[in-house]
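# Structure assessment
Single-letter residue listing:
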Number of protein chains: 2
Amino acid sequence: MAKQNTVFKDAFNRCLKLLAETSMLPSEPELGQALGVSRTTVRAILTRSEELGLISWDKRRKTVLRSPGPSDYFPTEETDSLAERIERSFMRRILAGGAEPGMQINELELAREIGTGTTSVREFLIRFSRFGLIEKRPNSHWVLKGFTREFALELTEVREMFELRSAARFVALPDEDPAWDELKAIEAVHRAILSDIDKRYKEFSELDERFHLLVHRSSSNRFIIDFYDVIAIVFHYHYQWNKAHARERNARALEEHLAYIAALQSRDPRQVEQACRRHLKSARETLLQSIP
Amino acid sequence: MAKQNTVFKDAFNRCLKLLAETSMLPSEPELGQALGVSRTTVRAILTRSEELGLISWDKRRKTVLRSPGPSDYFPTEETDSLAERIERSFMRRILAGGAEPGMQINELELAREIGTGTTSVREFLIRFSRFGLIEKRPNSHWVLKGFTREFALELTEVREMFELRSAARFVALPDEDPAWDELKAIEAVHRAILSDIDKRYKEFSELDERFHLLVHRSSSNRFIIDFYDVIAIVFHYHYQWNKAHARERNARALEEHLAYIAALQSRDPRQVEQACRRHLKSARETLLQSIP
DNA sequence: TTTCTGTCTTTTATCTACAATAGACAGATG
DNA sequence: CATCTGTCTATTGTAGATAAAAGACAGAAA
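Residues numbered from 1 in each chain as written. Chains lettered and ligands numbered in written order. Predicted model: local features only at pLDDT ≥ 70, side-chain atom pairs only at ≥ 80, totals over all residues. Heavy atoms only, no water.

Going by an unreviewed UniProt entry, chain A carries the name GntR family transcriptional regulator and comes from Sinorhizobium saheli.

Structure follows, in structure tokens:
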């Protein structure tokens, strides 16, 4: 196998959903636009849809013949890109499995375990190295530096610098900036989750990312925004991993967010700084608690 | 060709220098230590040295027979690692050649131009992407974001945050920290260059990197230290590129550095902040002036 | 005239193969 | 008995090949 056709499979699945809602599909370029793929892939999707008897296709006439059933879809395991699969496997290994700092990472072994070639693993490790958790010894192996207390402290130190700076920029955004509307929307979701916290506390993780990314974006600084990737991935896996007291933690964080959001809306830099510092402090403590 | 043997060639050249100074080479492990390579490579070096009649080699007895001449060395072009060659070619293209932002970057074309396989180019681009100058469109090309005014401003914004923080940490280092000695050594080089500025102003670039890296190191934060790579590469190529008024610029920067160093040595946080800010401000202005 | 389709070319993503390099182990040597 | 050498194995770095996906262009259709 050279290239996986996950783009095709994933787009095909998404196309089936569109197909369920109309009787006539649009033009190829339009469909490509809607699915975010090239015409080549669109045509592959149409070909397969025709073969399955889902549509009849004659040039510009693409008529839906029947609604897609569950068996028409590709299984979800096959629609994830290789990079996603590698990331998951890798994070599971280093977070769940015995992940002692200093451990060697073996490309070939990892590749075999994941069932892929070494090139992809290698490229993943190179990309991943910017998260500061692994390091390359040239002409030799990678070394796991480990998700340690130092790591968490270094990460949060930079995070705090960047977020304070971004928050200070946020209050200076012009009234018509779309960020204000997004902030309102985010606030509303916070209230909704809080009012049904017992059932919905798990939604916090995703909301957290959405909120902080919005703040970081207002820095208009690519380095600050890019760094948020590091924070996001660490917190993402951290939430998955450390579920103790999740409900209470999330409830408290939601409250802190609301105070922080109110401060942003007040546009008073001092209030913002205060609320931001308070929230970041407790976020840091939570993260540190989960590290032995 | 599978793997380049640049490690061997480079180590061989360095070994010739050692060889010129002794009549008897040490043991294989010791030699490996000195050259920073494995025993496998050491033995390859010894084998070749023997073939060239430079030494006689019998088990532990490695006697130097003659001093190496110029023709014994590998040409320097062959000792650079592939990654270095790719970096240079790439930087020349995007800094010197018409490097309009938005330009597409083609892996295959680059590889052909440099005379290497696509894999290496790809891996280089992935590593390089963390410098914020290029961006990947998945399943498609890379886009050059360009060495623009915004880039320089975003870079210096973060640089200033990080360096102020690091400098503040520096003054808190214990007296016995080796950084203080290194700082003294750096100061001495500054004075030496300044006293012969007309001839030696070109040495500033390297000294600048050495000094700022020392400061950043005292942050003990991997993200801050890693970020210095970005700064270093940008300034490195910037110095190579923009030579107008280099003498005056460097003389001024040297003076600023001396003030900054004195402030660090005074251990007075307020003086440090002032001197640091002053220097960073003029560094930013210099950088911006070189951008159209 | 504008947008669409059929066809073709180019480029990327990924696998496999292989030389260079690192590293392990047992027996040799001082 | 500690260190070195000979030999062997494992792993990385790089090239080359190939399917998937993107994208270009000319002629067809509205």
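### Regarding the overall build of chain A
Quick note on the threshold: Secondary structure elements are taken from DSSP: a helix is a run of H or I of four residues or more, a strand is a run of E of two residues or more, and numbering for both begins at the N terminus. Each residue is placed in one exposure class: buried if its accessible area under a 1.4 Å probe, protein chains only, is under 20% of its type's maximum, exposed if it is over 50%, and partly exposed if it falls in between. We call two residues contacting when some pair of their heavy atoms lies within 4.5 Å.
From N to C terminus, chain A includes 13 helices and 5 strands. In terms of its C-alpha atoms, chain A occupies a principal-axis envelope of roughly 65 × 55 × 35 Å. In chain A, which comprises 292 residues, the share counted as buried stands at 47%. By sequence separation, contacts in chain A at least 24 residues apart represent 66% of the contacts at least 6 residues apart.

### Points about the interface of chain A and chain B
Where we set the bar: Take the accessible area each of two parts loses on contact, using a 1.4 Å probe, and add the two losses: that sum is the buried area. One speaks of a salt bridge when a side-chain nitrogen belonging to Lys or Arg is within 4 Å of a carboxyl oxygen belonging to Asp or Glu. Distance and chemistry together define a polar contact, namely a pair of N or O atoms within 3.5 Å, with one atom able to donate a hydrogen and the other to accept it when in protein, and with adjacent residues in sequence counting only for side-chain atoms on both sides. Residue polarity is assigned by list, with Asp, Glu, Lys and Arg as charged and Ala, Val, Leu, Ile, Met, Phe, Trp, Tyr, Cys and Pro as nonpolar; anything else, Gly included, falls into the polar class.
The partner chain B presents 30 residues to the 30 residues of chain A that form the contact. Roughly 2,700 Å² of surface becomes buried between chain A and chain B when both sides are summed, with 54% attributable to carbon and sulfur atoms. For the chain A face of the interface with chain B, the top three residues by lost area are Met-161, Arg-222 and Phe-223 of chain A, together amounting to 27%. Between chain A and chain B we count 8 salt bridges in total. Linking chain A with chain B are 14 residue pairs in polar contact (both at pLDDT 80 or more), by the criterion used here. Mapped by element, the contributors of at least two residues to the side of chain A that touches chain B are helix H6 (118-128), helix H7 (149-170) and helix H11 (222-241) of chain A. Broken down by element, the residue count for the side of chain A that touches chain B peaks at 10 residues, all from H7 of chain A. Of the residues that constitute the side of chain A that touches chain B, the class distribution is 12 nonpolar, 6 polar and 12 charged.

### Remarks on the protein's contact with DNA strand C
Cut-off, in case you're wondering: The rule for a residue being near a molecule or strand is that one of its heavy atoms must lie within 4 Å of it.
Contacts to DNA strand C come from 43 residues, most closely from Arg-39 of chain A together with Ser-38, Thr-40, Thr-41 and Arg-122 of chain B. Among the atoms of DNA strand C lying within 4 Å of the protein, the sugar-phosphate backbone contributes 69%. The contact in question runs from a phosphate oxygen of DNA strand C to an N or O atom on the backbone of Lys-59 of chain A, over 3.5 Å. Elements with a contribution of two residues or more to the surface near DNA strand C: helix H2 (28-35), helix H3 (39-51) and H6 of chain A together with helix H1 (6-21), helix H3 (39-51) and helix H5 (107-114) of chain B. For the surface near DNA strand C, the residue count by class is 10 nonpolar, 19 polar and 14 charged.

### Some words on the packing of aromatic side chains
Rule in force here: Any Phe, Tyr or Trp ring, taking Trp's six-membered ring, that has another such ring centre within 6.5 Å forms a pair; planes under 30 degrees apart are called stacked, those over 60 apart edge-to-face, and the others tilted. Whether a charge lies above a ring is judged from NZ of Lys or CZ of Arg, which has to be within 6 Å of the ring centre and within 35 degrees of the ring normal.
In total, this model carries 27 aromatic pairs over all chains according to the counting rule given. Ring geometry for Phe-90 of chain A against Phe-124 of chain A: centres 5.4 Å apart, planes inclined by 65°, an arrangement best described as edge-to-face. Residue Phe-90 of chain A is located in helix H4 (residues 82-96), and its partner Phe-124 of chain A is located in helix H6; the two are separated by 34 residues in the primary sequence. The structure contains a cluster of three or more aromatic residues connected by ring pairs, namely Phe-147, Phe-151, Phe-162, Phe-223 and Phe-227 of chain A together with Phe-147, Phe-151, Phe-162, Phe-223 and Phe-227 of chain B. Positioned over the ring face of Phe-12 of chain B is Arg-48 of chain B, at 5.5 Å from the centre of the ring. One cation-aromatic arrangement involves Arg-159 of chain B over Phe-235 of chain B; the distance from NZ or CZ to the ring centre is 4.9 Å.

### Concerning the sheet that holds strand S5 (residues 142-144) of chain B
Hydrogen bonding along the main chain pairs the strands of a sheet, whether they run parallel or antiparallel. Residues and elements named next belong to chain B. Here is the rule: Here the rule is simple: two strands pair whenever DSSP picks up at least two bridges between them.
Judged by pairing direction, the sheet is antiparallel, and its 3 strands sit side by side in the order S3-S5-S4 without closing on themselves. The sheet is open, and its two borders are formed by strand S3 (104-105) and strand S4 (134-136), each paired with just one other strand. In terms of strand pairing, S3 meets S5 through 2 bridges, oriented antiparallel. Residue Gln-104 lies in a different strand from S5, and its bridge partner there is Val-143.

### Things to note about the pattern of salt bridges
Within the structure shown, the criterion is met by 50 salt bridges over all chains. Linking Glu-248 of chain A and Arg-247 of chain A is a salt bridge whose minimum nitrogen-to-oxygen distance equals 3.6 Å. On the basis of relative accessibility, which here comes to 30%, the residue Arg-247 of chain A falls in the partly exposed class. A salt bridge links Asp-80 of chain B to Arg-88 of chain B, with the nearest nitrogen and oxygen atoms 3.0 Å apart. Within the structure, one salt-bridge network assembled from shared partners comprises Glu-28, Arg-39 and Arg-43 of chain A.

### Here's the deal with the packing of helix H1 (residues 6-19) of chain A against H2 of chain A
In a packed pair of helices, the relevant descriptors are the angle between the two axes and the axis-to-axis distance. Residue and element names in this part refer to chain A. Going by this rule: Geometry is summarised by axes, namely lines fitted to C-alpha atoms with helices restricted to the contacting stretch, and by angles between N-to-C directions that run from 0 to 180 degrees. Under this scheme an angle from 65 to 115 degrees is roughly perpendicular, one under 35 degrees roughly parallel, and one over 145 degrees roughly antiparallel; angles in between are oblique.
The interhelical angle for the contact between H1 and H2, taken along N-to-C directions, is 110°, at an axis separation of 10 Å. It follows from the interaxial angle that H1 and H2 lie roughly perpendicular. In this structure, H1 uses Ala-11, Arg-14, Cys-15 and Leu-18 to contact H2, whose residues at the interface are Leu-31, Ala-34 and Leu-35. For the contact of H1 with H2, the class distribution of residues is 6 nonpolar, no polar and 1 charged.

### As for the pairing of strand S2 (residues 61-64) of chain A
Residues and elements named next belong to chain A. Looking at chain direction, strand S1 (residues 55-58) and S2 are connected through 4 bridges and run antiparallel. Paired with Ser-56 across the strands is Thr-63, a residue of S2. Taking the residues between adjacent antiparallel strands as the criterion, S1 and S2 are bridged by 2 residues, where Lys-59 takes a positive phi near 55°.

### Remarks on the protein's contact with DNA strand D
The environment of DNA strand D is made up of 42 residues, and the closest members are Ser-38, Thr-40 and Arg-122 of chain A together with Arg-39 and Gly-117 of chain B. Expressed as a percentage, the sugar and phosphate content of the atoms of DNA strand D within 4 Å of the protein is 69%. Among the secondary structure elements, those contributing two or more residues to the surface near DNA strand D are H1, H3 and helix H5 (107-114) of chain A together with helix H2 (28-35), H3 and helix H6 (118-128) of chain B. Residues of the surface near DNA strand D, tallied by class, amount to 10 nonpolar, 18 polar and 14 charged.

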